[in-house]
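Residues per chain, in single letters:
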Amino acid sequence: MSAAIQINDVTKRYGALTVLENIDLEIAPGEFVVFLGPSGCGKSTLLRMIAGLEAVDSGTISLGGDRIDTLPPGKRGVAMVFQSYALYPHMTVSQNMGFGLQNIGVAPRDIDRRVKAAAETLEIAHLLDRKPAKLSGGQRQRVAIGRAIVKEPQAFLFDEPLSNLDAALRGRTRLELAQLHQRLGATMIFVTHDQVEAMTLADRIVILNERRIEQMGAPMEIYQRPATKFVAQFVGTPAMSFLPVSGIEDGARGVTLDVAGAGRVETGVHLPATFARENASLGIRAEDAKVLTPGEDGVPLRVKVVERLGDRAFIYGTLSDGTDFVVEDAGRSTVAAGQEVRIGFDPDALHIFDSAGRAYHHTEGA
Ligand SMILES: Nc1ncnc2c1ncn2[C@@H]1O[C@H](COP(=O)(O)OP(=O)(O)OP(=O)(O)O)[C@@H](O)[C@H]1O
Ligand SMILES: [Mg+2]
C-alpha cells in the first residue's frame, strides 16, 4: 500500500525567512506521527501546508498516492483540530459537529448518522443538545475532535489540541486520543512541544529543528539513541547533563574518557577511527547515574537542590570543575542540599558527542 501521506522535498519561506527546507517525510497508513520541536521551528507551518492553510514554495505533498498540495483545503481529505477550538456559541453540540458537513451539501440524515456515531465514539452522546457554554474544557475539545471525525477524513491533523486543558484533563484526554486512534485506525499527525505527549502518543516522533528534520524514530529509540546533542538535550526531563571531554583512550569494552569534573570515565561506547576528538562531550541522563553509598568510590557531586517528586528525587549539583549535573535518587532519598555525595554511572548508558553534535552510543553485542 502506498504511503498515507508523502511529503517530498518541501520548502517554505516567509519573505526572507526560510522556515522549512527540503523536508522529506513518508507517513504510513494508520500511523500516529508526532511533530516535536522548540517553539518557532515550523511544526504548525508543516501541518498547515498539509491541511492547505499555507502554500508550499516548492516540493509536493500527496495523500493516498494523489497529489494534494495544489488542492483547496476542503478537497484534501484531511481534517484539522486546533489548539483554540472555537465552537459556535449559539449552536448546540450536534449543530457544531454537523455544520461543516451541511456546508458541503451532505444530506441531513447522513449528517445525523455521522454526528451520532462520532458522539458515541467520543462519549459525548448525552451532550448533543447542549450549547458550548455549558460544557467543560475537555468536553469542548471533544466536540472539536468530533467535528473532524464526522468529515471522515483520510488523515487527522492536530495542532497542540490539548494545550488549553489543565494538567489532569490533559493526561486523560491524551489517553482518550490514544484509544480513539486505536478505534479509528486513522492516520494522525499531532503537533506538540510537550515531550510527554510525544513519547506516549507517537508510533513515530519527528523532531524538527532549524528548518529541517533532526531525527525521526520510535519514541524509545529517540530517547535512548538520540542522533544529535540537540535531540539528547531536548527530549527527557530533567535534561541530560553534558560534561566536557579532554581525552579519549581505546579500551576493551569501549573508550575511556578524561573528564575534568569526573576523572577517568569508562564507557561501553566504541568510537569510529574518524571520530573528531576535539571538543567532544559526554552526556548522561539522570536515571543512568546513581548516588553511591557513603564510603564507595565515585565522582564527587556538591548538592545544590533536591527536587522530591514522591516516587523519586532529582539531585541537582555541580562536579568539581563546576559543571552542572543531575542524578536521580529514590523517593525516600536522604540527600540534602549542601552535602557532598559520590556518584557512579552506567557505562552502557553513556552518550558521546563530537564537536558537531553527532551522537555515539553503546551498541548491543559490540
Ligand atoms: N504568516 C507568517 N508570516 C511570517 N512568518 C511566519 C508566519 N507564520 C509563522 N511564521 C514564522 O515561521 C516560523 C515557524 O512558525 P510555526 O508557527 O510553524 O512554529 P511552531 O513550531 O508551530 O511554533 P510553536 O511551538 O510556538 O507553535 C516562526 O519563526 C514564525 O515566526
Ligand atoms: Mg505551532
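Residues numbered from 1 in each chain as written. Chains lettered and ligands numbered in written order. Predicted model: local features only at pLDDT ≥ 70, side-chain atom pairs only at ≥ 80, totals over all residues. Heavy atoms only, no water.

Describe the site of ligand 1, with residues and values.
Close contacts around ligand 1 come from 13 residues, with Ser 39, Gly 40, Lys 43, Ser 44 and Thr 45 the closest. Between ligand 1 and Tyr 14 there is a distance of 3.5 Å, counted from a nitrogen atom to a side-chain nitrogen or oxygen. Elements with a minimum of two residues in the shell around ligand 1: β2 (17-27) and α1 (43-51). Among the elements that take part in the shell around ligand 1, α1 stands out by supplying three residues, more than any other. Of the residues in the shell around ligand 1, the class split is five nonpolar, six polar and two charged. (Near = heavy atom within 4 Å. Polar contact = N/O pair within 3.5 Å; in protein donor to acceptor, adjacent residues only side chain to side chain. Helix = DSSP H or I, 4+ residues; strand = E, 2+ residues; numbered from the N terminus. Nonpolar A, V, L, I, M, F, W, Y, C, P; charged D, E, K, R; others polar.)

Outline unusual backbone geometry, listing residues and values.
Residue Pro 238 is bonded to the preceding Thr 237 through a cis peptide linkage, with omega at -5 degrees. A positive phi angle, near 50 degrees, is found at Asn 22, a position not held by glycine. Structurally, Asn 22 can be placed in strand β2. Positioned with a positive phi, Arg 211 is a non-glycine residue whose angle comes to about 75 degrees. Structurally, the position occupied by Arg 211 is in the loop between β9 (204-209) and β10 (212-217).

Go over helix α3 (residues 108-121), please, and point to the residues and values.
The end-to-end C-alpha distance of α3 is 20 Å, a good match for the 20 Å that 14 residues give at a rise of 1.5 Å each. Regarding α3, the residues found buried are Ile 111, Arg 114, Val 115, Ala 118 and Ala 119. Down the axis of α3, the buried set is contained in an arc of 135 degrees. They therefore lie on one face. In α3, the exposed positions that point more than 90 degrees away from the buried face belong to Arg 109 and Glu 120. On the buried face of α3, the contacting elements are α2 (93-103) and α4 (137-149). At the C-terminal side of α3, Glu 123 shows a positive phi close to 55 degrees. (Expected span 1.5 Å × (residues − 1). Buried < 20%, exposed > 50% of the residue type's maximum accessible area, 1.4 Å probe, protein only. Arc of directions from axis to C-beta. Contact = heavy atoms within 4.5 Å.)

Give me the domain arrangement of the protein chain: which residues, what numbers.
Here the protein chain is partitioned into domain 1 (5-227) and domain 2 (238-361). Taken together, the five residues of domain 1 in the interface contact seven residues of domain 2. Carbon and sulfur atoms make up 44% of the area that domain 1 and domain 2 hide from each other, which totals about 520 Å². The tally of links from domain 1 across to domain 2 stands at four residue pairs in polar contact (both at pLDDT 80 or more). Class assignment of the residues belonging to the side of domain 1 that touches domain 2 gives a composition of three nonpolar, one polar and one charged. (Domains from an automatic or database assignment. Buried area = accessible area lost by both parts, 1.4 Å probe.)

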